[in-house]
Amino acid sequence: MEEAIIDGVKKGESLEHQTDVADVNDEFAYLQRNEFTSEVFKIEVRNLGYFGIGELKKLLRNKLKLDMSKIKSPTHKEFAFVCFRSQADQQKAIKILNGYKWKGKILRAFVAKASADPLQKKRKEENQSEKQTYPANKKQRTSAEATCPLAGMPYEEQLKQKSSNMEELIKTFKGELTKINKSASKPLEDFKFEGVEPSPQITGYRNKNEFTVGKNSAGEIVVGFRLGSYADGSVEVSEVDHLPHLPDAAKWAARTFQQLVRHSKYEPFNPETNSGHFRQLTVRTSSQTKEIMLMVGIYSSNLNATDLEEIKSELINYYDTRSGEESQFTCTSLYYQDVKHREAGQMVSPIEHLFGATHITDNIDNLEFRISPLAFFQINTAAADILYQKVIALAQPQLHSTVLDIYCGIGSIALAFSKHCKRVLGVEIISTAVNDAEYNAQKNRVQNCKFYAGNADDYIQSMVKEVVYDTAPGEQLDLIAVVDPPRAGLHNRSIAAIRAASAIKRLVYISCNPERARLNWIELGRPESKQYKGNPFFPKTAIAVDMFPHTTHTELIVLFERQMENLLEENSKKTEGNAVEV
């Protein structure tokens, strides 16, 4: 048998030995770093045919009891890479999967070579010298070009460009859906796009910013924005003082933290070698209360307990004893965040409160919201007022309506809806955000909102059941779903749950990444199938709100209505004992 190569390391040769001879400029040197990477124990599975990631996960985890860490498949057909946390798990998977029959096909499984480090690969392709020191990349674009490329354009022109982009995206979506579902042709004729609503505030509007600690082209330590992605060969960081979309408080935070790092004995994090310590700074600000929350991200893999305590003390002493360069800015809340490779099942990097308040407060639609460090809150507070008004107007809730707020965060959408409907049920995976939502409901004296902590995929059907069975026979049932998912969009399981819940007649989809959301919209409108039970949803109206002036991004709201054909018989079941399928 050939000598096996496991991601660039010879079988039987220890990683420790490999580290002794590792070249930091080698494309596979990252495999010998002091922290786990899913590339170390990877296999390739062939002859899969067409498949869904979800069904492959179900096969591997539930049926075959394989303890995998990640699945990667560029095309979702024929092959996939499956990563494990140990060589024993890797070899077990190969033994089980090689020759296994699935969906009528005989699978092949074997050890896969690790992917090359994209930064080093890019540099190698550009024939850069291996002796060149950090930062070893060509001159990058400016931070303004990287983060707010439309800043040089009059705001009216920005809105026109964004409106044109949304019209083109909607046109593409309509063509794609029509090919998949011929019955969508007629409803799509009436699908209207109502343009882009401008932001009331176009400068200094971002209430949350994540800054990177690194070095600029001159090798100076900088707290700012990366000028490109690691995969594109960029590690350069640029200062942010001149950027129009950042508030002065955030600029102050970046500038003062930069001073701290420059004078500290601890180094900025270097992504090329996974060395150094200061990695990032997250800043949350409130225009209402002038509060400033800082979360300092530290790479702790190469620090001992004494070092960590010293860094935390350094942070506390620095911020607790100063009011900043400008007296109007003060850090009111300070957190330490441990930013390294996440453990299995870990959703976010853990945080530790160091001093000051535990939350900050802001206002939307005359409602006051307490915001915890990791909770989602609309990035442009002023424009969020308009966003929620438009969402409510499209949803058209009645006093007997129930709203499902899927991905509810700290409850901002739920509370905005509360005065327009009978009740709101919200679900959010971050438990601290749910605590905020419950607190915010009490603070604003809202009594018709209920929140659940958990994965939306698992809670949609149970929330629908609760609404249906709490509705008295003969009582009118009007159930509206509102989804405001992360940039990646809804998971297929969530779409399947919404499709299967025939009690949901209207769906409002809010997206900060419409291009990605378009894939969800197609799944909502597909013909009924084994995967997607229940009649499809077709779009009725769309409107954009410019939450991100000076950037190419915009928020898009789309109202979907379920195809009503064949639903009258289902609705009649409700009046016969609340037996509606949920």
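From a predicted model like this one, the values you see are computed outputs, not experimental measurements. (Residues numbered from 1 in each chain as written. Predicted model: local features only at pLDDT ≥ 70, side-chain atom pairs only at ≥ 80, totals over all residues. Heavy atoms only, no water.)

1. Here's the deal with the overall build of the protein chain
Here comes step 1: Of regular secondary structure, the protein chain possesses 16 helices and 25 strands.
Here comes step 2: Out of the 582 residues belonging to the protein chain, those deemed buried represent 53%.
Here comes step 3: Considering only residue pairs separated by 6 or more positions, the protein chain has 70% of its internal contacts joining residues 24 or more positions apart.
Here comes step 4: Carbon and sulfur atoms make up 48% of the accessible area of the protein chain, which amounts to about 26,700 Å² in all. (Helix = DSSP H or I, 4+ residues; strand = E, 2+ residues; numbered from the N terminus. Buried < 20%, exposed > 50% of the residue type's maximum accessible area, 1.4 Å probe, protein only. Contact = heavy atoms within 4.5 Å. Areas by Shrake-Rupley, 256 points an atom, 1.4 Å probe, with all protein chains shown as cover.)

2. A short note on the environment of Arg262
Here comes step 1: Its location among the elements puts Arg262 in helix α8 (residues 248-263).
Here comes step 2: Considering only alpha carbons, one finds Arg262 and Val222, 40 residues apart in sequence, at a separation of 8.4 Å.
Here comes step 3: Leaving out residues up to four positions away in the same chain, Arg262 has contacts with Glu220, Ile221, Val222 and Glu239.
Here comes step 4: For Arg262, the side chain forms a polar contact with the main-chain oxygen of Ile221, separated by 2.8 Å. (Polar contact = N/O pair within 3.5 Å; in protein donor to acceptor, adjacent residues only side chain to side chain.)

3. Some points on the confidence of the model for the protein chain
Here comes step 1: On average, residues of the protein chain score 85 in pLDDT, and 82% of them are at 70 or above.
Here comes step 2: Segment residues 1-22 is flagged for pLDDT under 50; beyond a separation of four residues in sequence, or across chains, it makes 31 contacts in the model.
Here comes step 3: This stretch, residues 134-139, has a pLDDT under 50; its non-local contacts, to residues over four places away or in other chains, come to 21 contacts. (pLDDT = per-residue confidence, 0-100.)

4. Some thoughts on the UniProt feature "active site" (unreviewed entry) in the protein chain
Here comes step 1: Residues annotated by UniProt as "active site" (unreviewed entry) correspond here to Cys512.
Here comes step 2: Looking at the element boundaries, Cys512 is found in the loop between β23 (504-511) and α15 (514-525).
Here comes step 3: Not counting chain neighbours up to four residues away, the residues in contact with Cys512 comprise Arg487, Phe548, Thr554 and Glu555. (UniProt positions renumbered as here; feature names shortened; annotations may be inferred.)

5. Some remarks on the packing of α8 against helix α9 (residues 305-320)
Here comes step 1: Contact pair α8 / α9: the axes reach a minimum separation of 11 Å and the direction vectors enclose 130°. Comparing their axes, α9 and α8 come out oblique. The two elements α8 and α9 cross, and the hand of that crossing is right-handed. Along the contact surface, α8 presents Ala253, Thr256, Phe257, Gln259 and Leu260, while α9 presents Glu314, Leu315, Tyr318 and Tyr319.
Here comes step 2: Each residue belonging to the contact of α8 with α9 can be placed in one class, and the counts come to six nonpolar, two polar and one charged. (Axes fitted to C-alpha atoms, helices over the stretch in contact; angles between N-to-C directions. Parallel < 35°, antiparallel > 145°, perpendicular 65-115°, else oblique. Left-handed = near helix turned anticlockwise from the far one by under 90°. Nonpolar A, V, L, I, M, F, W, Y, C, P; charged D, E, K, R; others polar.)

6. So, the sheet that holds strand β10 (residues 208-215)
Here comes step 1: Ordered in space as β12-β11-β10-β13-β14-β15-β16, the seven strands form an open sheet in which the pairing is mixed. Taken across any chain shown, the strands that pair with only one partner, and hence form the sheet edges, are β12 (237-238) and β16 (351-356).
Here comes step 2: Sitting on the sheet, α8 touches β10, β11 (221-226), β13 (278-285) and β14 (292-298), and the angle it makes with β13 is about 155°.
Here comes step 3: Sheet strands touched by α9: β13, β14, β15 (333-338) and β16. Its angle to β16, the strand with the most contacts, is close to 35°. (Pairing = 2+ DSSP bridges.)

7. Examining the sheet that holds strand β9 (residues 192-197)
Here comes step 1: Taken together, the eight strands give an open sheet; going across it, the order is β9-β24-β25-β23-β22-β19-β20-β21, and neighbouring strands pair in mixed fashion. Two strands in the sheet have a free side with no partner beyond their single neighbour: β9 and β21 (449-453). Averaged over all adjacent pairs, the angle separating strand axes in this sheet is 15°, with direction ignored.
Here comes step 2: Sheet topology note: the β23/strand β25 (residues 555-562) ladder contains six bridges and is antiparallel.

8. What about the environment of Tyr318?
Here comes step 1: Positionally, Tyr318 belongs in helix α9.
Here comes step 2: The class of Tyr318 is buried, set by a relative accessible area of 17%.
Here comes step 3: Measuring from C-alpha to C-alpha, the distance between Tyr318 and Leu260 comes to 7.5 Å, with 58 residues separating the pair along the chain.
Here comes step 4: Residues within four places of Tyr318 in sequence aside, it is in contact with Thr256, Gln259 and Leu260.

9. As for the packing of aromatic side chains
Here comes step 1: For the structure on display, the rule yields 12 aromatic pairs.
Here comes step 2: Note on Phe257 and Phe278: the rings are 5.8 Å apart at their centroids and 80° apart in plane angle, and the pair reads as edge-to-face. Highlighted residues: Phe257 in helix α8 and Phe278 in strand β13, separated in sequence by 21 residues.
Here comes step 3: Classification of Phe257 as buried rests on a relative accessible area of 0%.
Here comes step 4: In textbook terms, an aromatic cluster arises when at least three aromatic residues are bridged by ring pairs, as seen for Phe173, Phe191, Tyr509, Trp521 and Phe560.
Here comes step 5: Its guanidinium or amino end placed over the ring of Phe81, Lys42 lies 4.6 Å from that ring's centre, counting from NZ or CZ.
Here comes step 6: The ring of Trp102 has Lys103 lying over it, and the distance from NZ or CZ to the ring centre is 5.0 Å. (Phe/Tyr/Trp six-rings, centres within 6.5 Å; stacked < 30°, edge-to-face > 60°. Lys NZ or Arg CZ within 6 Å of the ring centre and 35° of its normal.)

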